[in-house]
Amino acid sequence: MTDTETEAGLERPAARRAADEPPRPRGIGPLGWLRWAWRQLTTMRTALILLFLVALGAVPGSALPQRPQAPERVTKYLDDHHTLGPLFDRLSLFDVFSAPWFAAIYILLFVSLAGCVVPRAVHHYKGMRARPPAAPRNLARLPQTATYTTDESPEDVLTKARAVLRGRRFRTDTGGAAVAAEKGYLGETGNLVFHLALLGLLFALGVGNLFGYKGNILLTEGKTFANGLNNYDQFSPGRRFDTSELAPFSLTLDDFRAKYELKGDKRGQATDFTGRLRYRTSPSAPEKPYDLKLNHPLKVGGAKVYLLGHGYSPVFTVRDAKGQVAFQDSVPFLPLEPRNLTSEGVIKVPDAQPEQLAFYAILWPTAMASSDQKQIVSGFPAPLRPVITITAFKGDLGLDSGTPQSVYKLEGLGKTLNPIKGGVKLLEPGESFKLPDGAGTVTFDGLKEWTTLSVNRDPGRLPALIAAILAVAGLVASFTVRRRRVWVRASAGDDGRTVVEVGGLTLGNPTPEFDAVVTALRGEPEPAETQTKE
Amino acid sequence: MDSADLANLSDKLMLTTVVLYIVAMVSYAADLGFGRRRAEAAVEKKVLVGAGGPATEEPAEAPAEPVRRTDWARLAVTLTALGWLAHLAVLVTRGLAVSRWPWGNMYEFLTAIAFAAMTAFLVVLVRFNARFLGAFVTLAAVIALGVANIWLYDSAGPVSPALNSYWIAIHVTAAITATGAFTVAGCATILYLVRERRDAARAVDAPGGFWSRVPSTEDLDRLALRVTMFGFPVWTAAIIMGAIWADDAWGSYWSWDPKEVWSFVTWIVYAAYLHARATAGWKGRKAAVLSLIAFAALLFNFFGVNYMFSGMHSYA
């Protein structure tokens, strides 16, 4: 491959280019084999194959459910596919991007990249400091050439050439009767920066995975969250995470507001979510307000807090058979459908006497009759006419058995926990339901909203951003800047005039700059007789 | 004019755009098939030399010919320009109707991609005189607009709150621009592969026939590379800006969402193409095939990912 055939910024050093099929080693010992393997690994062909394998390997990561993103869908997949499921699982196809085989591919790729880029960087650094290569003997054979005669002396021509080329920010060197000049190192520099930045990006990703943490919490209006391991509903630390990295901040959700489109065929579509927070960076720090919105995370104590989802938490007061308040709190309900937020939830009242009470309830934020008039549905996601249907149970909640329970599900239904006969009722806010047989009363006091918040800290965030910006800048430089060489030779001609030969070599396509250089050298307005060879 | 009128106007302009593009496409085809003979050599030279710097020569003017013959080329280019203006107006009126950037759903997104592809074509038309691509790019644009209107149409309205960010102007615009460029590069690459097979079969171009108006494999290859070299950094930037946005919206700058996976796959395969293009033994046919695989991944990222997988990019 010659220089003229190469596109700007895509040139490779000899190591990558030539080693298409290095000779197989014969009786060269382990060291020889290692060198052979290294040379194989750093060839462009290997790099291309590895690139392709990375792309291919990523595909199952989009086609199959992935554990880090959707563990419940992985479980479902395993339930539905009894033969393929376990096989896929053994191949780590449900967590492709942490799979050992995927890591093997990208580590090989990055080793191959480093093996190519690092020697190139050294070579380039030396090249930038070395003198521009001396003029070839025959300048007329270069892709861009010009010849003219002048009355100036050869020395004057060369002095002028140096000045012109330096003025155009070429590096120049005079050897014999010729000036050699070179510029456009930024192209290769950009190329190297791009590749090294990719290594940096991988490093930043690793740092984030090792030292960061991520957790989710559900917070109902009026409640406070203090940053601590036990207060998370879900928490996934990095392998090298240390609890001391949990900054001691706390936040209180005062009010959550969702806005919806009220008319037209997009009626019911959410247009804005705002969570009004008060937060402290530490227990002794002053409290500050913050409006948490999508796309506007709260930065606090090195962590970021995001608004994820929202739903309703109806507030209930339960009195037991003795008339004592056994329960009074908001209970988060989970949406059954995302459009109009029909939600379900359970209320567990372990303190009720003589028997424990439990309720299963469905909430319609805007209750209305379905089109066939047979059931209640929710017609709008905002609580325009909230109605709850409640089903009462009594017996043993099973909370003392020691096995952890979900707060969204009743355990032991039909066994330890039995429905109360006639214990089903529709309630609107403020209404009470007196349970049959004097088992107690339940009051639907009103509706609050909850929001799920994601809290995370990723120390690799900033390095990743810097690496990414460097990568793009390097890429653009490598695609736009080309290395250019110009040689000017002046010698005395037969007729006493000075013959000036100018030759130009540009990596990639010739640029019009060469013509400008020649015109400036001649110092004449008329166009020089330049030639560009195809 | 209120927003309903503007939305209505946008839909009407869409029809105008499609009609203009269809007629332009037929004109380009007619130009390729039996257009006036121009100095084709000059056209080819321009593709070769004009790149990178200001154009060095203008295409030779066509010799005077009898007036009654239709100048398909001029007709096609005029219609394309008019269609492009109508297309621009579609986007502007839609944007005004909804008071936001007009790429918030799949209909608007695909409409914008078709616009980017036409814009990229107009750029290569002016810069490299690549008129031979006209029939193919307008065909792609007509198909895209057809799909957008028949299957993806969505009435004007607000977007989900997650999309309410200035990043939509940056991230999505970059993705659209790169996709437009890749579409033009894809057209040139397909022509390259067909021409390459034809050349291998030593077919002779009939003077004045279709193939005499298509540049050599070398020039097609070079044109495809140039356009890809524009699209690739823009695509890289689109992915990175998406990551920055994701970091603000989803709490993680990279979470292997299906859209992210396929953007990554597309990026990797285009990177492989750019490397292959500069490697002995891989340039030419193999590199061209890689470029088409990358383009297929790009298309799959648009259609497949949104309709087959569920992920955080499911805004359709």
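Calculation rules
- Residues numbered from 1 in each chain as written.
- Chains lettered and ligands numbered in written order.
- Predicted model: local features only at pLDDT ≥ 70, side-chain atom pairs only at ≥ 80, totals over all residues.
- Heavy atoms only, no water.
- Helix = DSSP H or I, 4+ residues; strand = E, 2+ residues; numbered from the N terminus.
- Buried < 20%, exposed > 50% of the residue type's maximum accessible area, 1.4 Å probe, protein only.
- Contact = heavy atoms within 4.5 Å.
- Areas by Shrake-Rupley, 256 points an atom, 1.4 Å probe, with all protein chains shown as cover.
- Lys, Arg positive; Asp, Glu negative; His and termini not counted.
- Charge placed at Lys NZ, Arg CZ, Asp CG, Glu CD.
- Pairing = 2+ DSSP bridges.
- pLDDT = per-residue confidence, 0-100.
- Expected span 1.5 Å × (residues − 1).
- Arc of directions from axis to C-beta.
- UniProt positions renumbered as here; feature names shortened; annotations may be inferred.
- Salt bridge = Lys/Arg side-chain N within 4 Å of Asp/Glu carboxyl O.
- Polar contact = N/O pair within 3.5 Å; in protein donor to acceptor, adjacent residues only side chain to side chain.
- Domains from an automatic or database assignment.
- Axes fitted to C-alpha atoms, helices over the stretch in contact; angles between N-to-C directions.
- Parallel < 35°, antiparallel > 145°, perpendicular 65-115°, else oblique.
- Left-handed = near helix turned anticlockwise from the far one by under 90°.
- Nonpolar A, V, L, I, M, F, W, Y, C, P; charged D, E, K, R; others polar.
- Phe/Tyr/Trp six-rings, centres within 6.5 Å; stacked < 30°, edge-to-face > 60°.

A. Seen up close, the overall build of chain A. In terms of helices and strands, chain A carries 10 helices and 24 strands. In terms of overall dimensions, chain A has a C-alpha envelope of 130 × 65 × 55 Å along the principal axes. For chain A, with 534 residues in total, the buried portion stands at 48%. The long-range fraction of contacts in chain A, counting pairs at least 24 apart against all pairs at least 6 apart in sequence, stands at 63%. Counting only carbon and sulfur atoms, one obtains 56% of the accessible surface of chain A, whose full area is about 27,100 Å². Taking the 64 positively charged and 54 negatively charged side chains of chain A as two groups, their mean positions are separated by 4 Å.

B. Just the overall build of chain B, in detail. Helices and strands together make up the secondary structure of chain B, namely nine helices and zero strands. Ordering the α and β elements of chain B from the N terminus gives α-α-α-α-α-α-α-α-α. Put simply, of all contacts in chain B between residues at least 6 apart along the chain, 80% involve residues at least 24 apart. In the form shown here, chain B has an accessible surface area of approximately 12,600 Å², with 68% of it arising from carbon and sulfur atoms.

C. Region of the structure containing the sheet that holds strand S18 (residues 387-395) of chain A. Residue and element names in this part refer to chain A. If you trace the five strands from one edge of the open sheet to the other, you get S13-S14-S15-S18-S19, paired in antiparallel fashion. In the strand order of this sheet, the two ends are held by strand S13 (334-335) and strand S19 (417-427), each with one partner. As paired strands, strand S14 (residues 343-349) and strand S15 (residues 356-364) are joined by seven bridges and run antiparallel to one another. From the neighbouring strand, Lys-348 faces S15, where its bridge partner is Ala-358.

D. Main features of the confidence of the model for chain A. Taken residue by residue, chain A gives an average pLDDT of 87. The fraction at 70 or more is 93%. Counted against residues more than four places away or in other chains, residues 1-15 of chain A, with its pLDDT under 50, gives 45 contacts.

E. Up close: helix H7 (residues 154-167) of chain A. Residue and element names in this part refer to chain A. For H7, with 14 residues, the first-to-last C-alpha span of 20 Å sits near the 20 Å given by 1.5 Å per residue. Pro-154, Val-157, Leu-158, Ala-161, Val-164 and Leu-165 are the residues of H7 that are buried. Taken end-on, H7 shows its buried residues confined to a sector of 125°, consistent with a single buried face. Set apart from the buried face of H7 by more than 90 degrees, the exposed residues are Glu-155, Ala-163, Arg-166 and Gly-167. Close packing links the buried residues of H7 with strand S1 (144-150), strand S2 (171-175), strand S3 (178-183), strand S22 (484-492), strand S23 (498-506) and helix H10 (513-522). After H7 finishes, the residue Arg-169 shows a positive phi value of roughly 65°.

F. Focus on the UniProt feature "domain: ResB-like" (unreviewed entry) in chain A. The UniProt entry lists residues 44-509 of chain A under the feature "domain: ResB-like" (unreviewed entry), expressed in the numbering used here. Secondary structure within residues 44-509 of chain A divides into 27% helix and 37% strand; the distance between the first and last C-alpha atoms comes to 23 Å.

G. Representation of the interface of chain A and chain B. Opposite the 57 residues of chain A that make contact, chain B presents 58 residues. Taken together, the connections running from chain A to chain B amount to three salt bridges. Where A:Lys304 meets B:Asp248, a salt bridge forms, and the shortest distance between an N and an O atom there is 3.5 Å. Of all elements in the fold, only helix H3 (44-63), helix H8 (185-211), strand S8 (270-280), strand S11 (303-320) and helix H9 (461-480) of chain A reach the threshold of two or more residues within the side of chain A that touches chain B. Tallying contributions element by element places H3(A) first for the side of chain A that touches chain B, with 12 residues.

H. Layout of the environment of A:Ser244. Residues and elements named next belong to chain A. Tracing the sequence through the fold places Ser-244 in the loop between strand S6 (234-237) and strand S7 (250-260). Owing to a relative accessible area of 58%, Ser-244 belongs among the exposed residues under this scheme. Between the C-alpha atom of Ser-244 and that of Gly-228, which follows or precedes it by 16 residues, the distance is 9.9 Å.

I. Local environment of the side chain of A:Arg120. Counting through the fold element by element, A:Arg120 comes out in helix H6 (residues 100-129). Of the polar contacts made by the side chain of A:Arg120, one reaches the side chain of A:Asn191; its length is 3.0 Å.

J. Structural view of the domain arrangement of chain A. Domain parsing of chain A yields domain 1 (3-128), domain 2 (132-184 + 482-532), domain 3 (210-310 + 454-469) and domain 4 (314-449). For domain 2 of chain A and domain 3 of chain A, the distance between their C-alpha centroids amounts to 64 Å.

K. Molecular detail of the sheet that holds strand S9 (residues 288-293) of chain A. Residues and elements named next belong to chain A. Judged by pairing direction, the sheet is antiparallel, and its four strands sit side by side in the order S5-S7-S8-S9 without closing on themselves. Edge positions in the sheet fall to strand S5 (224-226) and S9, since each of these pairs with one other strand and no more. Adjacent strand axes in the sheet meet at a mean angle of 30°, parallel and antiparallel pairs treated alike.

L. Representation of the packing of H8(A) against H9(A) within the structure. All names here are of chain A. Two elements in contact, H8 and H9, have axes whose closest approach is 7 Å; the angle formed by their N-to-C orientations is 155°. In terms of orientation, H8 lies roughly antiparallel with respect to H9. Where H8 crosses over H9, the two elements pack in a sense that is left-handed. Across the interface between the two elements, Leu-186, Gly-187, Gly-190, Asn-191, Val-193, Phe-194, Ala-197, Gly-200, Leu-201 and Ala-204 from H8 touch Pro-463, Ala-464, Ala-467, Ala-468, Leu-470, Ala-471, Gly-474, Leu-475, Ala-477 and Ser-478 from H9. For the contact of H8 with H9, the per-class residue count stands at 14 nonpolar, six polar and no charged.

M. Fine view of the UniProt feature "transmembrane region" (unreviewed entry) in chain A. Under the local residue numbering, the UniProt record ascribes the feature "transmembrane region" (unreviewed entry) to residues 47-64, 101-122, 192-213 and 462-481 of chain A. Across residues 47-64 of chain A, helical content stands at 94% and strand content at 0%; the span's end C-alpha atoms are separated by 27 Å.

N. Quick peek at the packing of aromatic side chains. Scanning the entire structure with this criterion turns up 32 aromatic pairs over all chains. For the ring pair A:Phe225 and A:Tyr232, a centre distance of 5.2 Å and an interplane angle of 70° mean the geometry is edge-to-face. Each member of the pair, A:Phe225 together with A:Tyr232, is buried. When the ring of B:Trp254 is compared with that of B:Trp256, the centres are 5.6 Å apart and the planes differ by 90°; the resulting orientation is edge-to-face. B:Trp256 carries the same exposure label as B:Trp254, and that label is buried.

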